[in-house]
Amino acid sequence: MAKANLHLRTLLASALTSMMLSGCATSDTDYPSLATRDFERAEGQFEAPAARQLDVPEIPTDFTGDLTTHLANLLEQARLSHTQFETSLPSARSQVAAARGLSAQDDRWSRAAIALGGLDASRSQTAIVLADLDTLYAAAAIQYENVQAIADTRAQVAALILLEDRALADLRGDLGGEPR
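In this convention, every chain numbers its residues from 1, walking through the sequence in written order. The model is predicted, so local features are restricted to residues of pLDDT at least 70 and side-chain atom pairs to those at 80 or more, both for listing and for counting; the totals for chains, interfaces and linings are taken over all residues. The side-chain values count all of the structure's non-hydrogen atoms but skip hydrogen atoms and water molecules.

Right, let's get into the side chain of His 82. Among the secondary structure elements, His 82 is positioned in helix α2 (residues 67–99). Residues adjacent in sequence count toward polar contacts only when both atoms are side-chain atoms; beyond that, a polar contact is any pair of N or O atoms within 3.5 Å, and within protein one must be able to donate a hydrogen and the other to accept it. One polar contact links His 82 to Glu 164, side chain to side chain, over a distance of 2.7 Å. In this description, contact between two residues means that some pair of their heavy atoms is separated by no more than 4.5 Å. Among residues more than four places away in sequence, those in contact with His 82 are Thr 126, Leu 160, Leu 163 and Glu 164. Counting from the N terminus, the helices are the DSSP runs of H or I reaching at least four residues and the strands are the DSSP runs of E reaching at least two.

Laid out in structure tokens, this is it:
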């Protein structure tokens, strides 16, 4: 008997499912056809768009002659300003040592601050060369030129600036940073 009930239930479930699904498949034509319509057919040929040229701006550089000579001149300028920095460094160190622990109202502190300003000026000259090298690097990179020689020169100048920055930081720390 239990088997007959299970069979009857399965038969009823199948009949109900068939009736429900048959309601979905009506012959009513209220819906549009999914066939390709005339205006959807491709006719003729389509041209690929023309390749666009990138409008790469040119960065002006202020030098004449060949790049190798210009890089050598810039490196020489950086070395001269670094030599000036190193020449002024012992005097600035002694001025800072004499002013250590003093207030800004003391003349020795003022002389030390002026000596640091002179070192900053020499460092600025080296930094100007680095900025010129950065401009050259950007101009060459944008024009897809070889930048290796510029990068090498730039690395040498950046190393000089790093030495100068360390010396200035040490002196400012010895002087006490800001005026008191």
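Moving on, there is more to tell.
A few words now on the packing of α2 against helix α3 (residues 107–142). If you want to describe how two helices pack, look at the angle between their axes and the distance between the axes. All axes are obtained by fitting lines to C-alpha atoms, using only the stretch in contact for helices, and the reported angles, taken between N-to-C directions, cover 0 to 180 degrees. One can describe the packing of α2 onto α3 by two numbers: an axis separation of 8 Å at closest approach and a directional angle of 165°. By the angle class used here, α2 and α3 are roughly antiparallel. As α2 packs across α3, the resulting crossing turns out to be left-handed. Residue polarity follows a fixed list, in which Ala, Val, Leu, Ile, Met, Phe, Trp, Tyr, Cys and Pro are nonpolar, Asp, Glu, Lys and Arg are charged, and the others, Gly among them, are polar. Along the lines of polarity and charge, the residues of the contact of α2 with α3 split into 18 nonpolar, 10 polar and 4 charged. When describing relative orientation, an angle under 35 degrees is termed roughly parallel and one over 145 degrees roughly antiparallel, while 65 to 115 degrees is termed roughly perpendicular and anything else oblique. Left-handed describes a crossing whose near helix is turned anticlockwise from the far helix through less than a right angle; right-handed describes the clockwise counterpart.

Whenever Lys or Arg places a side-chain nitrogen within 4 Å of a carboxyl oxygen from Asp or Glu, that contact is recorded as a salt bridge. By the definition in use, this model includes 5 salt bridges. One salt bridge connects Asp 174 with Arg 100, and the closest N-O pair in it is separated by 3.6 Å. Of this pair, Asp 174 sits in helix α4 (residues 148–175) while Arg 100 sits in the loop between α2 and α3, and the two are 74 residues apart along the sequence. A salt bridge links Arg 108 to Asp 106; its shortest N-O distance comes to 3.2 Å. Buried means the residue's accessible area, taken with a 1.4 Å probe over protein chains only, is under 20% of the maximum for its type, while exposed means over 50%, and partly exposed covers the values in between. The partly exposed category is assigned to Asp 106, whose relative accessible area is 21%.

A few words now on α4. By this rule, a helix spans an expected 1.5 Å times one less than how many residues it contains. With 28 residues, α4 ought to run about 40 Å at 1.5 Å a step, and its terminal C-alpha atoms sit 40 Å apart, in line with that. Every buried residue of α4 is accounted for by Ile 150, Thr 153, Val 157, Leu 160, Ile 161, Glu 164, Ala 167, Leu 168, Leu 171 and Leu 175. Where the residues of α4 are buried, they touch α2 and α3. Two residues or fewer after α4 comes Gly 176, characterised by a positive phi angle close to 105°.

Look at Tyr 144: it is not a glycine, yet its phi comes out positive at around 55°. Its place among the elements puts Tyr 144 in the loop between α3 and α4. Under the relative-accessibility criterion, Tyr 144 is labelled exposed at 66%.

Contact pair α3 / α4: the axes reach a minimum separation of 10 Å and the direction vectors enclose 160°. It follows from the interaxial angle that α3 and α4 lie roughly antiparallel. Both α3 and α4 take part in a crossing whose hand is left-handed. Taken together, the residues of the contact of α3 with α4 break down into 21 nonpolar, 3 polar and 7 charged.

For α2, which comprises 33 residues, the first-to-last C-alpha distance of 46 Å matches the rise-based estimate of 48 Å (1.5 Å per residue) to within 8%. At Leu 89, α2 shows its largest bend, some 35°, and a proline, Pro 90, comes one to four positions later. For α2, the full list of buried residues reads His 70, Leu 71, Leu 74, Leu 75, Ala 78, Ser 81, His 82, Phe 85, Leu 89, Ala 92, Val 96 and Ala 99. Positive phi appears at Gly 101, one or two residues downstream of α2, with a value of about 85°. Throughout, bend refers to the angle between the axes fitted to the seven residues that end at a position and the seven residues that start at it.

A word on the confidence of the model for the protein. Scored by pLDDT, the protein comes out at a mean of 83, with 79% of its residues at no less than 70. Looking over the protein, one finds the lowest element-wise mean pLDDT in helix α1 (residues 2–24), namely 69, and the highest in α4, namely 95. Every residue is assigned a pLDDT by the predictor, reflecting its confidence on a scale from 0 to 100.

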